[in-house]
Amino acid sequence: MAREKIRIKKIDNITARQVTFSKRRRGIFKKADELSVLCDADVALVIFSATGKLFEFSSSRMRDILGKYNLHASNINKMMDPPSTHLQLENCNLSRLSKEIEDKTKQLRKLRGEDLDGLNLEELQRLEKMLESGLSRVTEKKGECVMSQISSLEKRGSELVDENKRLREKLETFERAKMMASKEAVETESATTNLSSYDSGAPLEDESDTSLKLGLPSWE
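Basis of the calculations
- Residues numbered from 1 in each chain as written.
- Predicted model: local features only at pLDDT ≥ 70, side-chain atom pairs only at ≥ 80, totals over all residues.
- Heavy atoms only, no water.
- Helix = DSSP H or I, 4+ residues; strand = E, 2+ residues; numbered from the N terminus.
- Buried < 20%, exposed > 50% of the residue type's maximum accessible area, 1.4 Å probe, protein only.
- Contact = heavy atoms within 4.5 Å.
- Areas by Shrake-Rupley, 256 points an atom, 1.4 Å probe, with all protein chains shown as cover.
- Core = buried A, V, L, I, M, F, W, Y, C linked by side-chain atoms within 4.5 Å.
- Salt bridge = Lys/Arg side-chain N within 4 Å of Asp/Glu carboxyl O.
- Phe/Tyr/Trp six-rings, centres within 6.5 Å; stacked < 30°, edge-to-face > 60°.
- Lys NZ or Arg CZ within 6 Å of the ring centre and 35° of its normal.
- Lys, Arg positive; Asp, Glu negative; His and termini not counted.
- Pairing = 2+ DSSP bridges.
- pLDDT = per-residue confidence, 0-100.
- Expected span 1.5 Å × (residues − 1).
- Polar contact = N/O pair within 3.5 Å; in protein donor to acceptor, adjacent residues only side chain to side chain.

### Some words on the overall build of the chain
Part 1 of the reasoning: Of regular secondary structure, the chain possesses 4 helices and 2 strands.
Part 2 of the reasoning: The secondary structure elements of the chain, listed N-terminal to C-terminal, are α-β-β-α-α-α.
Part 3 of the reasoning: Counting every position in the chain, which comprises 220 residues, the buried fraction comes to 8%.
Part 4 of the reasoning: Put simply, 16% of the contacts in the chain that link residues at least 6 apart link residues at least 24 apart.
Part 5 of the reasoning: About 20300 Å² of surface is accessible on the chain, with carbon and sulfur atoms providing 58% of the total.

### Considerations on the nonpolar core
Part 1 of the reasoning: With 6 residues, the main nonpolar core is built from F29, A32, V43, I47, F55 and F57.
Part 2 of the reasoning: Elements with a minimum of two residues in this core: α1 (14–39) and β2 (54–58).
Part 3 of the reasoning: With near-sequence residues (within four places) excluded, F55 lies in contact with F21, R25, F29, L45, V46, I47 and S49.

### Observations regarding the pattern of salt bridges
Part 1 of the reasoning: Scanning the entire structure with this criterion turns up 7 salt bridges.
Part 2 of the reasoning: Measuring nitrogen to oxygen at the nearest pair gives 3.2 Å for the salt bridge that ties E100 to R96. Here R96 and E100 lie together in helix α3 (residues 85–111), a separation of 4 residues that amounts to about one turn.
Part 3 of the reasoning: Overall, the relative accessible area of 38% leaves E100 in the partly exposed class.
Part 4 of the reasoning: The exposure class of R96 is partly exposed, given its relative accessible area of 44%.
Part 5 of the reasoning: R166 is paired through a salt bridge with E163; the nearest N and O atoms lie 2.4 Å apart. Pair noted here: R166 and E163 are both in helix α4 (residues 121–214), with a separation of 3 residues, about one helical turn.
Part 6 of the reasoning: For R166, a relative accessible area of 44% gives the class partly exposed.

### What to know about the packing of aromatic side chains
Part 1 of the reasoning: Per the stated rule, a full pass over the model turns up 2 aromatic pairs.
Part 2 of the reasoning: If you follow R25 out to its NZ or CZ, it ends over the ring of F55, 4.2 Å from the centre.

### Quick word on the side chain of R25
Part 1 of the reasoning: In this fold, R25 is placed in helix α1.
Part 2 of the reasoning: Of the buried charged residues, R25 lacks a salt bridge, with E56 as the closest side chain of opposite charge at 12 Å.

### Remarks on the pairing of β2
Part 1 of the reasoning: A one-sided burial pattern is seen for β2, the buried positions being F55 and F57 and the unburied ones L54, E56 and S58.
Part 2 of the reasoning: When strand β1 (residues 44–48) meets β2, the two strands line up antiparallel, connected through 5 bridges. By the bridge assignment for β2, A44 is matched with S58.
Part 3 of the reasoning: Here β1 folds back onto β2 in antiparallel fashion, the turn holding 5 residues, of which G52 has a positive phi close to 90°.

### Some thoughts on the confidence of the model for the chain
Part 1 of the reasoning: Confidence in the prediction for the chain averages 80 pLDDT; 81% of positions are at 70 or higher.
Part 2 of the reasoning: Here residues 202–208 scores under 50 on pLDDT; set against residues more than four positions off or in separate chains, the count is 1 contact.
Part 3 of the reasoning: Counting interchain partners and residues more than four positions distant, the pLDDT-below-50 stretch residues 210–214 has 1 contact.

### Focus: α1
Since the α-helix advances by 3.6 residues per turn, residues separated by three or four positions end up pointing in the same direction.
Part 1 of the reasoning: Taking 1.5 Å of rise per residue, the 26 residues of α1 would be expected to cover 38 Å, and the 37 Å separating its terminal C-alpha atoms lies within 8% of that figure.
Part 2 of the reasoning: Contacts made by the buried residues of α1 are with β1 and β2.
Part 3 of the reasoning: By the N-cap criterion, in which a side-chain oxygen at the helix start approaches the backbone nitrogen of a residue two or three places on, α1 is capped by N13, the distance to T15 being 3.0 Å.
Part 4 of the reasoning: Positioned one or two residues after α1, D40 has a phi angle of 50°, which is positive.

Here it is as structure tokens:
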């Protein structure tokens, strides 16, 4: 036969209530210990009896488990809390920056001659003055850039002229040295030729003269 299901309700008899409390408390502590061992879980139980007596069980240090619980609960509360003042301020700044970007984008489009529909005469005149002022600054900046480039080119040109002058002087010095070396070579060759001619003709004349002076017979 099926076991009759016991209806769960408060036990009126104080003695029976206390006996049931003790049995079930030990049973739930046993189940908690088994859960901790089998599943490697941190388990903590806190029970107060009807008289206010404290009974507790923990698979590790009760303080450590409660610390983890408090940290988890604190994080949940932060997630559930409404946006902080700092977040509200950031949202406000973001909205303001978005508005400024939108305004600057519209202004830029107007400066480029776009989205001019709907502008009245005063707005168009103000836009014209802005364009004239901007064009004046652009022209002034362009002039500065042109003058800077001209100055750079003049400086570079002066450097090239000086460099060309130095190269020309080096070339002239080289040409003079080359001409002097060539002249010395010619003079040396001429002197060598004259010396050779002198050495080949002189002894014969000296020998003939000596023979005549001594009265010796000539070999001719």
